[in-house]
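# Descriptive structure summary
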Amino acid sequence: MPTTLPAMKARLGSTDYYILSMKAQELSDKVKIPRELEGWEDMSVEERYQRDLNYNRVKSQIAPYFANDNSRFFGAVIVAAMNFDDNDQFEPLSEMLIKGVPNLYKTAAASIGFLTFKGGEVLVPLDGQHRIKAIEFAVSGRDERGREIASIETPCTGLAQEDVTVILVPYESRRARKIFTRVNRYAKPTTTGQNIVTDDDDIVAVLTREVSNELIGARIVKFSTNTLNRSDRHFTTLAIIYNCNIAIITENFPHGKVDKTQLPSPEKISLYRKKVHEVWEQLLENIEVFRDALGDTESKSDDKRRKIRDSNLLGKPVAQECLVRAFVRLVNPPTNLSMDEACNNLNRLPWAITEENLKVWDRVLWTGGTDGRIITKNRNLSTYLVAYLAEEKLSKKNKTELLERYRVQFPDTEREGRQLPRISAF
C-alpha cells in the first residue's frame, strides 16, 4: 500500500537527498540490514561494504535505552532507497500551489513537498543500522533469535509509533558505498572524558562528575583528554577519577561488575555516593601531596601544581589512581586499616622524584632516571606494589605471585635473586 510522507529535498555536492520523518516501526519494517539482502553471500568484497551488526551491543546497550528511557533520543539515520525513482516519487509543493502565492514562498515550495513509497522500496542503512535493529528489539523485547532480553523491563510498543528522522538517498551502488565509507571513516569517537561528562545512565560517571565539581574543583580536572601535559594547570583527569571510583565501588560492594548502561536503585545510588565521597574527602584532606596541590584551585596556584607534577609521582594522574586503588585495598579485608592509618602509611612511601626513590618504582611505575616517565600499562601491578609497601596483609601465595609479577618486569639476567623493594619508613 502506498505511503505518502512530508519531506524536504536538498542537495549536497552531487548528491540529491531527502529529509523526512518515519514512524519507528515503519522504518524498521522497510529497512533491510545488508546481511539480510538476497544474495548477500554471493556479493563481492566491494559490494559487501557494510560492517556486520554487533548484536551484543544492540542488546546490552541501545535497545534497553530505547525501551526503558522515556527521554530517549537519537540523531538521523541515513538510508539508501532501492527501487526508488525520485523523479516520480517526490512531488514539490510548487507544483500544487495556486497562483498568487508570493515568490518568496514559491522558492521554498520547490524543495518542500511529499514523498510517496509505492510499496516495493527497500531501504539499506548507510549510517544507523544498530539503532534500527535496536528499535525492533525494543518494541518486541526479543533479540535476533527470539529470546527475551533480560535488560528490557517491558517491551516498548509505544516506540513503534514514535518519529525517527531519516535522511534518504536514492540508491546507486558506488554512491552508496562512498557515502557509507565517508560517514563512518570520518566519524570521530568521543574521548573517555567526554563520555563521562555526558553519560547520565552510568552511575560511575555521575559520581565522577560530582567528585570533580564538588570535591576537587572542575577547573583543575581535565576532561578533554586522558593525560596531562607538563604545562597543564590541572591536578588530574576525569578518566582517572572514573577509574578510581570503579575501584571504590567494586571493592566496597563486591557484587560483580557495575552496570554502566542504567542507573541502579535509589538505595544503591545513595550507598555508592556516600562511600565514594567518604573516600575522596579522606584522601584529599590527608594525603599530603593532594592537600598541597588543592590548597588553592585558582590560577595563582597553577604553577605550584606544575612543580608538584615535575617533582612528585603523586602529581601524575596514573600514580594517583594507583594510590587510590591501594588505599581501598588497605581499608578493606584482610588488612582492615583505618582510613587514617592507611593515609599515614601511604604518605610515608617515597613519592618524591629522586634517584634513590625511583629505585623502588623502577620498571613497575616508572622508567628512566629523574627525567623518565610513568609506565601506564602496569597500573594493576603498581597498585599491588603500593599496597604491599604500605603494609597490606598478603598471604604467602599472594606475596609469591606479586614477586613473580615484579621480577618479570626486569631482563632475564636481573631476575634471579631479586626481591620486592622495601622502604625504611616502616
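Before reading further, recall that the structure is shown in the block above.
First things first, this report covers the structure right here in the doc.

Parameters and conventions
- Residues numbered from 1 in each chain as written.
- Predicted model: local features only at pLDDT ≥ 70, side-chain atom pairs only at ≥ 80, totals over all residues.
- Heavy atoms only, no water.
- Salt bridge = Lys/Arg side-chain N within 4 Å of Asp/Glu carboxyl O.
- Helix = DSSP H or I, 4+ residues; strand = E, 2+ residues; numbered from the N terminus.
- Buried < 20%, exposed > 50% of the residue type's maximum accessible area, 1.4 Å probe, protein only.
- Contact = heavy atoms within 4.5 Å.
- Phe/Tyr/Trp six-rings, centres within 6.5 Å; stacked < 30°, edge-to-face > 60°.
- Lys NZ or Arg CZ within 6 Å of the ring centre and 35° of its normal.
- Expected span 1.5 Å × (residues − 1).
- Bend = angle between axes of the 7 residues up to and from the residue.
- Pairing = 2+ DSSP bridges.
- Axes fitted to C-alpha atoms, helices over the stretch in contact; angles between N-to-C directions.
- Arc of directions from axis to C-beta.
- Core = buried A, V, L, I, M, F, W, Y, C linked by side-chain atoms within 4.5 Å.

Right, let's talk about the pattern of salt bridges for a bit. Counting across every chain of the model gives 27 salt bridges. Here Arg329 ties to Glu392 by a salt bridge, and the two come within 3.0 Å at their closest N and O atoms. A residue pair is termed long-range when its members are at least 10 positions apart, and Arg329 in helix α13 (residues 317-331) and Glu392 in the loop between α16 (379-389) and α17 (396-407) qualify at 63 residues. Owing to a relative accessible area of 10%, Glu392 belongs among the buried residues under this scheme. The shortest N-O distance in the salt bridge between Glu414 and Arg418 comes to 3.5 Å. The exposure class of Glu414 is partly exposed, given its relative accessible area of 31%. Classification of Arg418 as partly exposed rests on a relative accessible area of 25%. In the salt-bridge network here, residues are joined through shared partners; they are Lys59, Asp143, Glu144 and Arg147.

Glancing now at the environment of Ala24. One can find Ala24 in helix α1 (residues 24-30). Sequence separation between Ala24 and Thr165 is 141 residues; the distance between their C-alpha atoms is 9.2 Å. Setting aside residues up to four positions removed in sequence, Ala24 forms contacts with Ile135, Leu159, Ala160, Glu162 and Val164.

Per the stated rule, a full pass over the model turns up nine aromatic pairs. Where Phe235 meets Phe290, the ring centres are 5.4 Å apart and the plane angle is 85 degrees; that geometry is what we call edge-to-face. With Phe235 in the loop between β8 (221-222) and β9 (236-237) and Phe290 in helix α11 (residues 288-293), this residue pair connects regions lying 55 residues apart in the sequence. The same class applies to Phe235 and to Phe290, which are both buried. Consider the rings of Trp351 and Trp361, whose centres lie 5.0 Å apart with planes at 15 degrees: the pair is stacked. Of the two residues, Trp351 is situated in the loop between α14 (339-347) and α15 (355-361) and Trp361 in helix α15; the sequence distance between them amounts to ten residues. Considered together, Trp351 and Trp361 belong to a single accessibility category, that of buried residues. An aromatic cluster is defined as three or more aromatic residues linked by ring pairs; in this entry it consists of Tyr18, Phe84 and Phe90. Arg418 extends its terminal NZ or CZ atom over the ring of Phe410, reaching a point 3.9 Å from the ring centre.

Attention now goes to helix α2 (residues 55-68). In this model α2 runs 18 Å from its N-terminal to its C-terminal C-alpha over 14 residues, within 8% of the 20 Å that 1.5 Å per residue would give. At Ile62, α2 is deflected by roughly 35 degrees, the largest bend along its length, and proline Pro64 occurs up to four residues later in sequence. Taken together, the buried positions of α2 are Val58, Lys59, Ile62, Ala63, Pro64, Phe66 and Ala67. Among the structural elements, α5 (129-140) are those in contact with the buried residues of α2.

Right, let's get into unusual backbone geometry. Note: most peptide bonds trans; most residues except glycine with negative phi. Residue Pro334 follows Pro333 across a cis peptide bond; omega there is 5 degrees. Structurally, Pro334 is set in the loop between α13 and α14. Positive phi, normally seen in glycine, also occurs at Asn83, with a value near 60 degrees. With respect to the helices and strands, the residue Asn83 is situated in the loop between β3 (77-82) and α3 (86-89). On the basis of relative accessibility, which here comes to 57%, the residue Asn83 falls in the exposed class. A positive phi angle, near 70 degrees, is found at Arg363, a position not held by glycine. Residue placement: Arg363 occurs in the loop between α15 and β10 (366-367). According to the relative accessible area criterion, Arg363 is partly exposed, its value standing at 27%.

Strand order across the open sheet formed by seven strands is β4-β5-β1-β2-β7-β3-β6, with mixed pairing between neighbours. A strand with exactly one partner marks an edge of an open sheet, and here the two such strands are β4 (90-92) and β6 (122-127). Neighbour-to-neighbour, the strand axes of the sheet open up by a mean angle of 35 degrees, direction not taken into account. Here six bridges tie strand β1 (residues 3-12) to strand β2 (residues 15-23), and the two strands are oriented antiparallel to one another. Counterpart to Arg11 in the pairing with β2 is Asp16. Packed onto the sheet, α5 meets β3, β6 and β7 (163-170) and runs at close to 125 degrees relative to β6.

Okay, helix α12 (residues 302-311) next. Listed as buried for α12 are Asp302, Arg305, Ile308 and Arg309. Buried residues of α12, viewed axially, fall in a sector of 120 degrees; they line one side. On its buried side, α12 packs onto α11.

Within the largest apolar cluster, 72 residues are counted, with the highest numbers of intra-cluster contacts made by Ile216, Trp280 and Trp361. Per-element accounting of this core gives the leading share, nine residues, to α13. Apart from the residues within four sequence positions on either side, Trp280 is in contact with Val211, Leu215, Ile216, Ile241, Cys244, Asn245, Ile248 and Val324. Membership of the second largest hydrophobic core comes to 37 residues, among which are Leu53, Cys156, Leu159 and Val166.

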